[in-house]
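# Coordinate analysis (summary)
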Amino acid sequence: MKLGICALGGMITAAVVATSAMGDGHADKAIMAAVKARQSQMTLYSFNISVLGGMAKGDIAYDAEAASAAASNLAALAQMDQSRMWPQGSDNEALGTEATAALPAIWQPGSTAAEKGMALAEAAIAMEQSAGAGLDSLRGAIGAVGKSCGACHESYRQKN
């Protein structure tokens with residue numbers, strides 16, 4: 001598990017500090033494809049977190065099988081190689097706020113985006129281990145997931 005998290009951290013770090021090596025004719029198309037891919041991943045995060053959060057709040061009846069499936073999906077997404085989804089120049093300053101909410105700070109020296117991504121992976125793995133073990137167990141793990149998502153959004157996502 002630690003090896004997977006370390007590998008994930010390395011991939012995120014590489015993605016955050018990497019520059020786009022695409023040719024001029026393909027850069028815009030490739031960058032927009034990367035933005036669409038990461039936005040799709042964020043949608044999948046949200047979809048699975050809404051199931052878990054709904055159960056934790058009591059808005060959705062607790063179902064161990066559904067909770068386990070959502071948590072497994074979340075853990076798989078959080079550990080996925082995202083390196084090609086975060087090319088330099090795919091921020092809202094470069095592409096406009098209609099295209100993305102990603103702030104340029106993600107790619108700046110001193111960025112903690114990689115660490116925040118690792119925190120999400122760790123929280124998702126803990127959720128995966130807890131979600132199917134009962135409502136109290138799920139409730140005990142959901143806070144770290146929300147905190148890790150919020151920490152990244154607070155620093156690196158344009159506010160609405």
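A brief report on the enclosed structure follows.

Cut-off values and rules
Starting afresh in each chain, residues are numbered from 1 along the sequence in its written order. Local features are withheld for residues below a pLDDT of 70 in this predicted model, meaning they are given only at 70 or higher, and side-chain atom pairs are given and counted only at 80 or more; totals for whole chains, interfaces and linings count all residues. With hydrogens and water excluded, all non-hydrogen atoms of the structure serve as input to the side-chain values. By nonpolar core we mean a set of buried residues, namely Ala, Val, Leu, Ile, Met, Phe, Trp, Tyr and Cys, connected to one another through side-chain atoms within 4.5 Å. A 1.4 Å probe rolled over the protein chains alone gives each residue an accessible area, and that area as a share of the maximum for its type sets the label: buried under 20%, exposed over 50%, partly exposed in between. Helix and strand assignments follow DSSP, with helices taken as H or I runs no shorter than four residues and strands as E runs no shorter than two, numbered in order from the N terminus. Residues are treated as being in contact if the distance between any of their heavy atoms lies within 4.5 Å. For a helix, the expected span equals 1.5 Å multiplied by the residue count minus one.

### Quick word on the nonpolar core
Side chains of a nonpolar character, in soluble globular proteins, are inclined to be buried together. In this structure, Leu52, Met127, Ala131 and Leu138 are the most contacted members of the largest nonpolar core, which totals 21 residues. Of all the elements in the fold, those that place two or more residues in this core are helix 2 (24–57), helix 3 (64–78), helix 5 (113–130) and helix 6 (135–156). In terms of residue count, helix 3 provides more of this core than any other element does, seven residues in total. What Leu138 contacts, discounting residues up to four positions off in sequence, is Leu52, Met55, Ala56, Tyr62, Ala67, Met127, Ser130 and Ala131. Counting residues in hydrophobic clusters, the runner-up holds seven residues, among them Met85, Ala102, Ile106 and Ala113.

### Quick look at the environment of Tyr45
Checked against the element boundaries, Tyr45 lands in helix 2. A relative accessible area of 6% means that Tyr45 is categorised as buried. With 33 residues separating them along the chain, Tyr45 and Ala78 place their C-alpha atoms 8.3 Å apart. If we ignore the near neighbours within four places in the chain, the residues touching Tyr45 are Leu74, Leu77, Ala78, Gln82 and Leu120.

### Brief notes about helix 5
In a regular helix each residue adds 1.5 Å, so 18 residues correspond to 26 Å; helix 5 covers 26 Å between its end C-alpha atoms and thus fits that length. All buried positions along helix 5 are accounted for by Ala113, Ala114, Lys116, Gly117, Leu120, Ala121, Ala123, Ala124, Ile125, Met127 and Ser130.

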